[in-house]
Amino acid sequence: MHPLALLPVLVVAAGATVVHDHPSAAGTPAARFWDEALPGTPMPEVIADLVQKGIDHSPLIEHYPINWTNTEKVPWSLVYNEKSGGFPGKPKVLPGLFFNKAQVRVGGSMNVSFPPELVQGILPRDVAGKVPFSKLTDVLSVFNIAPNSTAAALVNDTLSRCQAPVPASEQKTCTTSLEATVQSAVRMLGTGHNSVWAVTSKIPAGSGLPLQPYVIEAVRPLDGDHYVGCHIVPFPYAVYQCHSTGQPSTAYILSLRGLREHGPWIAMAAICHLNTSGWNPAYPAFEILHTKPGGAPVCHFMRYANLLFGVKTGKA
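What you see is a predicted model, and the numbers here were worked out from it, not measured in a lab.

With respect to the packing of helix 2 (residues 29–37) against helix 7 (residues 178–189)
Here comes step 1: Packing of helix 2 against helix 7 brings their axes to within 9 Å, and their N-to-C directions diverge by 20 degrees. What the angle tells us is that helix 2 and helix 7 run roughly parallel. Handedness of the helix 2/helix 7 crossing: left-handed. Together, Pro29, Ala30, Phe33, Trp34 and Ala37 of helix 2 and Leu178, Glu179, Val182 and Gln183 of helix 7 make up the contact between the two elements.
Here comes step 2: Split by residue class, the contact of helix 2 with helix 7 holds 7 nonpolar, 1 polar and 1 charged.

Examining the environment of alanine 30
Here comes step 1: Here alanine 30 is to be found in helix 2.
Here comes step 2: Accessibility expressed as a relative area gives 11% for alanine 30, which makes it buried.
Here comes step 3: Expressed as a C-alpha distance, the spacing of alanine 30 and serine 177, which sit 147 residues apart in the sequence, is 8.6 Å.
Here comes step 4: If we skip the residues at most four places from it in the chain, alanine 30 touches Met43, Val51, Leu178 and Glu179.

Description of the packing of aromatic side chains
Here comes step 1: Per the counting criterion, the structure on display carries 10 aromatic pairs.
Here comes step 2: Each ring, one from tryptophan 197 and one from tyrosine 227, has its centre 5.9 Å from the other, and the planes form 50 degrees; the classification is tilted. One end of the pair, tryptophan 197, is in strand 4 (residues 196–199); the other, tyrosine 227, is in the loop between strand 5 (209–221) and strand 6 (228–233), with 30 residues separating them in the sequence. Pair check on accessibility: tryptophan 197 and tyrosine 227 agree, each one buried.
Here comes step 3: Each member of the aromatic cluster is reached from another via a ring pair, and the members are Phe98, Trp279, Tyr283 and Phe286.
Here comes step 4: Above the ring of phenylalanine 33, the side-chain terminus of arginine 125 is found at 5.6 Å from the ring centroid.

A short note on the confidence of the model for the protein
Here comes step 1: Model confidence for the protein is summarised by a mean pLDDT of 81, while 80% of its residues fall at 70 or above.
Here comes step 2: The secondary structure element of the protein with the lowest average pLDDT is helix 1 (residues 7–10), at 35, and the one with the highest is helix 7, at 96.
Here comes step 3: Throughout residues 69–89 the model reports pLDDT below 50, and contacts reaching past four residues in sequence, or to other chains, amount to 55 contacts.

Description of helix 2
Here comes step 1: When helix 2 is considered as a whole, its buried residues turn out to be Ala30, Ala31, Phe33, Trp34 and Ala37. Within helix 2, the buried residues cover an arc of 160 degrees as seen down the axis, which keeps them to one side. More than 90 degrees from the buried face of helix 2, the exposed residues found are Pro29 and Glu36.
Here comes step 2: Contacts from the buried residues of helix 2 go to helix 3 (45–56), helix 7, strand 4 and strand 11 (307–311).

A word on the pairing of strand 10 (residues 298–301)
Here comes step 1: A two-sided burial pattern is seen for strand 10, the buried positions comprising Val298 and His300 on one face and Cys299 and Phe301 on the other.
Here comes step 2: In this sheet, strand 10 lies alongside strand 1 (residues 98–99) in antiparallel orientation, the contact comprising 2 bridges. Looking at the pairing, phenylalanine 99 lines up with cysteine 299 of strand 10.
Here comes step 3: Of the strand pairs in this sheet, strand 9 (residues 266–273) and strand 10 are connected by 4 bridges, and their pairing is antiparallel. When the bridges of strand 10 are listed, isoleucine 271 appears paired with histidine 300.

Calculation notes
- Residues numbered from 1 in each chain as written.
- Predicted model: local features only at pLDDT ≥ 70, side-chain atom pairs only at ≥ 80, totals over all residues.
- Heavy atoms only, no water.
- Axes fitted to C-alpha atoms, helices over the stretch in contact; angles between N-to-C directions.
- Helix = DSSP H or I, 4+ residues; strand = E, 2+ residues; numbered from the N terminus.
- Parallel < 35°, antiparallel > 145°, perpendicular 65-115°, else oblique.
- Left-handed = near helix turned anticlockwise from the far one by under 90°.
- Contact = heavy atoms within 4.5 Å.
- Nonpolar A, V, L, I, M, F, W, Y, C, P; charged D, E, K, R; others polar.
- Buried < 20%, exposed > 50% of the residue type's maximum accessible area, 1.4 Å probe, protein only.
- Phe/Tyr/Trp six-rings, centres within 6.5 Å; stacked < 30°, edge-to-face > 60°.
- Lys NZ or Arg CZ within 6 Å of the ring centre and 35° of its normal.
- pLDDT = per-residue confidence, 0-100.
- Arc of directions from axis to C-beta.
- Pairing = 2+ DSSP bridges.

Structure below.
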């Protein structure tokens, strides 16, 4: 089936199956909350899987060590630093993560690469409230993380970023449960639960996307003109950092097909920031796209299990 035939479904949940038709997470408090808060938006399969993973591997049931793979090579991700803050060294940016708005057209192509990703489970809200998320030593102790390890450094970085003061002009928060993530997004959007949609990208977690040219087979605009992105940050369980784009933006679902390796069709959620005048000049996208703050729009894909929220307008 051509991806275009699936796009009406993708508008509400990219690459998703309705959680009630999927064994993972069905009937859980998180699934019930999702259905009530986001009616008409099926829970994406990747989110349902992570909810079930958080139940099966609760830190209150088993004392398990952190299990991140390739922690020495964790690629730079889309968090925090569009407007402020520095970058430790030269960040490693995935090919094709950033792209120009002019590339968003059917028949266009771009080089894209996303590595296989291991994402920790999303904890039930009551469990998340009982495990540490403030003091580094407590986190390292509960999750049996060596203090001088790379994993410890990543945890420390996440805690530091999440606890840093937020400028009055920005909206950012870290959330430790799916319910809190949805609630934060709705609050930042300034609307009611029933008016919000959510999407994820459809990326094979185990294999990722091999580096190759991908052709855009379909483009579907998403409702709204400003959005909330919630990005998973390094931690022993799934923690999202949510932020509001604030400035006018456009968002899409792009259907991609590899030109060399013809795997399953890929549905990528993407957002284009139209006004970057207040962004940090060191933001990597400017060098990659040969632009500068206040120049051409900066577009990027949403990575595996990251969430994009917007307000329903009935236009798309």
